[in-house]
Structures are given as structure tokens and as C-alpha cells.
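Each chain, letter by letter, is given below.
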Amino acid sequence: MNNEVHIGKLIQQKLKEQERSGAWLARKLFTDPSNVSKIIRKQHIDTGLLLRISNILNFDFFQYYSDFYKENKISMAE
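Numbering of residues starts from 1 in every chain and runs along the sequence as written. Residue-level local features of this predicted model are given only where pLDDT is at least 70; pairs of side-chain atoms are given and counted only at 80 or more, and the full residue set underlies all totals for whole chains, interfaces and linings. Derived side-chain values reflect all non-hydrogen atoms in the structure, with water molecules and hydrogen atoms excluded from consideration.

Some details on the side chain of Lys14
Just so we agree on the cut-off: Counting from the N terminus, the helices are DSSP H or I runs at least four residues long and the strands are E runs at least two residues long. For every residue, the accessible area obtained with a 1.4 Å probe (protein chains only) is divided by the maximum for its type, and the residue is called buried under 20%, exposed over 50%, and partly exposed between those limits. Polar contacts here mean pairs of N or O atoms no more than 3.5 Å apart (in protein, one a potential hydrogen donor and the other a potential acceptor; neighbouring residues in sequence count only if both atoms are side-chain atoms). Any pair of residues with heavy atoms lying within 4.5 Å of one another is described as a contacting pair.
Within the secondary structure, Lys14 sits in helix 1 (residues 7-17). Among the residues examined, Lys14 registers a relative accessible area of 12% and is labelled buried. Side-chain polar atoms of Lys14 contact the side chain of Glu17, separated by 2.8 Å. For Lys14, the residues in contact, after removing those within four places along its chain, are Leu57, Phe59 and Phe61.

Right under this line is the structure:
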């Protein structure tokens, strides 16, 4: 796994898998499509926003952080 989770890329990937557009997500988030473009370029986003996106896309994006933690727990502790 990479050094860190890039949540924006993962959101973009899930949108593509679900054949959804950024404009669709923007409507669901009640925001402008340009804000969704900013979200998918960001490596980190607010957890409240991530929870909303997880609910909209019916996918647990937090699992990526949990998996990253589990994979790197030993090396980070040393």
C-alpha cells in the first residue's frame, strides 16, 4: 500500500465504478460541482464530509484508513 491514503482518488474511483458523475455527487451534497472537483483532488478531507459521501455512495471509505492503520501499526510503533 502507498505511504498514505489518498481519499479523493478513492472517491473518484468509486464514482466511476458506480457510473456516477461529479455533478451527481454535487447535487447529493447540495454543493457546486467545482467543490466536488476539489474534493477528488484532496488527499485528506473532513471526516464529517467523508461520512456524508460514504452514505451517499453506500460505501465505507473509512475502511481504507482502518486497513492502512492495521498494515502500518507495527512499523509506525518502532
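The discussion continues.
Some thoughts on the confidence of the model for the protein
How we decide: For every residue, the pLDDT score states the predictor's confidence, bounded by 0 at the bottom and 100 at the top.
Summing up the model confidence of the protein, the mean pLDDT is 91 and the portion of residues at 70 or higher is 91%. Mean pLDDT across the secondary structure elements of the protein bottoms out at helix 5 (residues 62-77), with 81, and peaks at helix 2 (residues 22-29), with 98.

Details of the nonpolar core
Grouped burial of nonpolar side chains is what soluble globular proteins tend to show. To keep things clear, this is the line we draw: To define a nonpolar core, start from buried Ala, Val, Leu, Ile, Met, Phe, Trp, Tyr and Cys residues and group those joined through side-chain atoms within 4.5 Å.
Ranked by internal contacts, the top residues of the largest apolar core, which has 20 residues, are Ile7, Ile11, Leu25, Ile45, Ile53, Leu57 and Phe61. Listing elements by their share of this core, those giving two or more residues are helix 1, helix 2, helix 3 (33-41), helix 4 (47-57) and helix 5. Not counting residues up to four positions away in its chain, the partners in contact with Ile7 are Lys42, Gln43, His44, Ile45, Leu50, Phe61 and Tyr65.

Let's talk about the pattern of salt bridges
Note the following rule: Criterion for a salt bridge: a side-chain nitrogen of Lys or Arg within 4 Å of a carboxyl oxygen of Asp or Glu.
In the structure shown here, the tally under the stated rule is one salt bridge. Among the ionic pairs, Glu17 bridges to Lys14, the shortest N-O distance being 2.8 Å. You can see Glu17 and its partner Lys14 sitting in helix 1, three residues apart, about one turn around the helix. What makes Glu17 partly exposed here is its relative accessible area of 49%.

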